[in-house]
Structures are given as C-alpha cells and as structure tokens.
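If you want the building blocks of each chain, they are given just below.
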Amino acid sequence: MESPPELIDRAAALLRDARHICVLTGAGISAESGIPTFRDAQQGLWASYDPMQLATPEGFAEDPELVWRWYESRREYVRKAQPNPGHYALAELGLRARKLTLVTQNVDGLHQRAGSSEVVEYHGNILRDRCTAEQFVVDRAPEEAGTATLPRCAGCGALLRPDVVWFGEIIPRQALLLADAAAADCDVFLSVGTSSLVYPAAGLAESALRAGARVIEVNPNPTDLSRLADVQLRGPAGTVLPGLLARLGASGTS
Ligand code: BV8
C-alpha cells in the first residue's frame, strides 16, 4: 500500500526544514537485504528457540555452544547481505541534512556499508567478538571466524561472545549518551523499520516528542509509536525512503 503523495510531501517538508534529524532504525530496514527481522529470525532450524532466551547472558551461560551456533548462523546472513536502497537513502540524507544522528538497533553494520558515518550502534555489532573476562573487543582472524564452536580469547583463554547487547544488559555508555542527546535535541525524529517494543531504544521517540520534535514513522505495519507520529508512511523502507529523498528535491535540506 503506497503512502499518499501528500503524506510523502509533508514528511519531506519536515526533513527539509529540520535543524537536527534523529533517525532510529530497526530490523525492518534490513529485511529487504535478506536479514530476517528479530521476530521472524526463528526460521527453520531455529524455529523452536526463543530469541528472548538465546540473546541473554543466562542463555549464554547455560549453553554457550547453542548461542554461538545461533549467532554464527545469523552472521552468515549478515556476511551475505548487501545494503538496500533504504540504507543508501539514509546515507544520502545524512549528507544533505543540516545535522543528522543515525541510531540503529541493528547489529548488521549495513548502515556503515551504505556510507552512513558516525552510526550509533545502540545494540552493538554481531560481527565483532568480545572477551567475556576482559570485556574488550577481540579481532579474530577471518579464517578463525565460524570455526571454533566455543571461541576463546587468545590473551586470557576466557570465552568470547558476540559484541552485542543482550536482553537484561545495559546499553553501551557512549551509545546511550549520544542517542539520548540526539533524541532530546532533534526537531524531527524519523523511526524506520522498528516495532518500537524494545526499551530503552523505543523510549527515544518518546523523549523526542517530549522535547517537541515532530515524528515520522516508516513501517508497512502500525506500531505502538504510530498513534504519536505526525506522519505515518505505510510501506517498505527500501521504497519509501528513496521516494522521500526524491521529494526533498535538489534543494536538499539546507
Ligand atoms: C536494558 C541485540 C537496563 C542482540 C537486541 C523498560 C526500560 C528498560 C528495559 C526494559 C524495559 N522494559 C523491558 C525491558 C527489558 C528489555 C526489553 O525491552 N524487553 C522487551 C522485549 C519488552 N530491554 C532490555 O533488556 C535492554 N537492556 O534495558 O538494560 C536493564 C537491565 C536489566 C533489567 C532492566 C533494564 C536491552 C535490549 C537489547 C536487546 N538486544 N539486539 C541480538 O540482536 O542478538 S534487541 C533486538 O530486538 C533488536 O536489536 C531490536 O532492538 C529488537 C527487535 O526490534 P525491531 O528492530 O523493531 O525488530 P522487530 O522484528 O521487532 O520489528 C521489525 C519491524 O520492521 C516491524 O514493525 C515490521 O513491521 C517492520 N518491517 C518489516 N519489513 C519492513 C519493515 N519496516 C520497513 N521496511 C520493511 N521492508
């Protein structure tokens, strides 16, 4: 279902006049790159597992091998994936906006590969490993990746884990501060491809609204945020976002 042109125009006008755009993306923007959204990631082999169990410190402590197998299978999707027109449209918007902060809940790194800079990885990055003892990021040689079922830190021998934020874990301090500041300062908040169910990420839009920002939502389906949005663009990000950029016209936003 296409959004009516007047809604696209209204959203484009908000973006064009914006002093500071804060963008929050979720799994939906990577769906068209072939990466299952978090809720439908449970396909095939993983259908009988609950991500809410696997993406937790408890799940990892109970069965690190199972959790690593799940992450390695998801890494395969990510390695094969390419950014889609939605990612590229946000990268272009970042070049044309007076100021844009891109916060993503996604752990796939596709925004960076599409050319977006200074991406705030609110939930980390699935392709990075972290030492469970020393808590710093560990670079594993590519040939090692995907081999050991229980990879260990070459320095101290402790188990490695994916450098992502699990349920029940706090958001990395730098990401939290950058995202909170952008949500409180922005005058336009653009929510793309998220069910707005996971906190504190979902609270960013509420923070922007409290600060008087206008909210644009891009999602084929309604969400908890929809009733608070000034403009709801019902459609896939890979179509809606390029259409928005086209409506911005050559004038850009500055
Ligand atoms: C924390 C990384 C402090 C791992 C993920 C209130 C305040 C604070 C915390 C909580 C709270 N209430 C509950 C909590 C706990 C919990 C939480 O929010 N639970 C939910 C389930 C209720 N939050 C936490 O635990 C957070 N930590 O707050 O620390 C603390 C500590 C202890 C106790 C309390 C507080 C940490 C949460 C981070 C979890 N890690 N990812 C990994 O990936 O393996 S979450 C993961 O799921 C994603 O990162 C993302 O955030 C979330 C999935 O959401 P979406 O991205 O929105 O994806 P989803 O599939 O849901 O929806 C896709 C959408 O796309 C849909 O709307 C669909 O319509 C749309 N779509 C589909 N196709 C397209 C499209 N849109 C556009 N175009 C398309 N083509």
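None of the values given here were measured: they were computed from a predicted structure.

Visitor: Requested: an account of the overall build of the protein chain, with residues and values cited.
Guide: From N to C terminus, the protein chain includes 10 helices and nine strands. Taken over C-alpha atoms, the radius of gyration comes to 19 Å for the protein chain, in line with the 18 Å a tight globule of 254 residues would show. Structurally, the protein chain occupies a C-alpha span of about 55 × 35 × 30 Å along its principal axes. Residues classed as buried in the protein chain amount to 52% of the 254 residues present. For the protein chain, the proportion of contacts with a sequence separation of at least 24, taken over those separated by at least 6, is 71%. With the model as given, the accessible surface of the protein chain reaches about 11,800 Å², and the carbon-plus-sulfur share is 55%.

Visitor: I'd like to hear about the sheet that holds strand β2 (residues 100–104), residue by residue, with values.
Guide: Taken in spatial order, the six strands line up as β3-β2-β1-β7-β8-β9 in an open sheet, and their pairing is parallel. A single partner strand is all that each edge strand has here, and the edge strands are β3 (120–121) and β9 (231–233). Note that strand β1 (residues 21–25) and strand β7 (residues 188–192) share five bridges and pair parallel. Bridged to cysteine 22 within β7 is phenylalanine 189. Where helix α1 (residues 5–17) meets the sheet, it contacts β1, β7, β8 (214–218) and β9, and its direction lies at approximately 120° from that of β9.

Visitor: Account for the packing of aromatic side chains, naming residues and giving values.
Guide: Evaluation of the coordinates by the stated rule reveals three aromatic pairs. With a centroid separation of 5.0 Å and 70° between ring planes, the pair formed by tryptophan 70 and tyrosine 71 is classed as edge-to-face. Relative accessible area serves as the criterion here: at 2%, tyrosine 71 is assigned to the buried category. Cluster of aromatic residues (ring-pair linked, three or more members): Phe60, Trp70, Tyr71 and Trp166. One cation-aromatic arrangement involves arginine 74 over tryptophan 70; the distance from NZ or CZ to the ring centre is 4.6 Å.

Visitor: Describe helix α9 (residues 203–210), naming the residues involved and giving the relevant values.
Guide: Among the residues of α9, Gly203, Leu204, Ala205, Ser207 and Ala208 are the ones counted as buried. Looking at the buried residues of α9, the elements they touch are β1, β2, α8 (173–185) and β7. Trailing α9 by a residue or two, glycine 212 shows a phi angle of about 95°, which is positive.

Visitor: Break down the pattern of salt bridges for me, with residues and values.
Guide: One pass over the structure, following the stated rule, counts 12 salt bridges. We note a salt bridge from glutamate 72 to arginine 75, for which the minimum N-O separation is 3.5 Å. One end of the pair is glutamate 72 and the other is arginine 75, both in helix α5 (residues 64–80) and three residues apart, which spans about a single turn. Both residues of the pair, glutamate 72 and arginine 75, count as buried. Given a relative accessible area of 1%, arginine 75 falls into the buried group.

Visitor: Break down the pairing of β1 for me, with residues and values.
Guide: Here β1 lies mainly inside the structure; five of its five residues are buried. Judged from the five bridges that link them, β1 and β2 form a sheet pairing that is parallel. Following the sheet pairing, threonine 25 is matched in β2 by threonine 104.

Visitor: How would you explain unusual backbone geometry if you had to name every residue and give the values?
Guide: With an omega of 0°, the peptide bond running from tyrosine 199 to proline 200 counts as cis. For glutamate 118, which is not a glycine, the phi torsion comes out positive at approximately 50°. A positive phi angle is found at glutamine 135, which is not glycine, with a value near 65°. Along the chain, the position of glutamine 135 falls in the loop between β4 (124–131) and β5 (137–138).

Visitor: Now, about the side chain of glutamate 217: what can you tell me, with residues and values included?
Guide: Considering the arrangement of structural elements, one finds glutamate 217 in strand β8. Residue classification places glutamate 217 among the buried positions, given a relative accessible area of 0%. In terms of polar contacts, glutamate 217 uses its side chain to reach the side chain of serine 226, at 2.6 Å. Among residues more than four places away in sequence, those in contact with glutamate 217 are Ser191, Thr223, Leu225, Ser226, Ala229, Val231, Gln232, Leu233 and Arg234.

Conventions adopted
- Residues numbered from 1 in each chain as written.
- Predicted model: local features only at pLDDT ≥ 70, side-chain atom pairs only at ≥ 80, totals over all residues.
- Heavy atoms only, no water.
- Helix = DSSP H or I, 4+ residues; strand = E, 2+ residues; numbered from the N terminus.
- Rg over C-alpha atoms; globule rule 2.2 N^0.38 Å.
- Buried < 20%, exposed > 50% of the residue type's maximum accessible area, 1.4 Å probe, protein only.
- Contact = heavy atoms within 4.5 Å.
- Areas by Shrake-Rupley, 256 points an atom, 1.4 Å probe, with all protein chains shown as cover.
- Pairing = 2+ DSSP bridges.
- Axes fitted to C-alpha atoms, helices over the stretch in contact; angles between N-to-C directions.
- Phe/Tyr/Trp six-rings, centres within 6.5 Å; stacked < 30°, edge-to-face > 60°.
- Lys NZ or Arg CZ within 6 Å of the ring centre and 35° of its normal.
- Salt bridge = Lys/Arg side-chain N within 4 Å of Asp/Glu carboxyl O.
- Polar contact = N/O pair within 3.5 Å; in protein donor to acceptor, adjacent residues only side chain to side chain.

Purely spatial values, then, with no claim about function.
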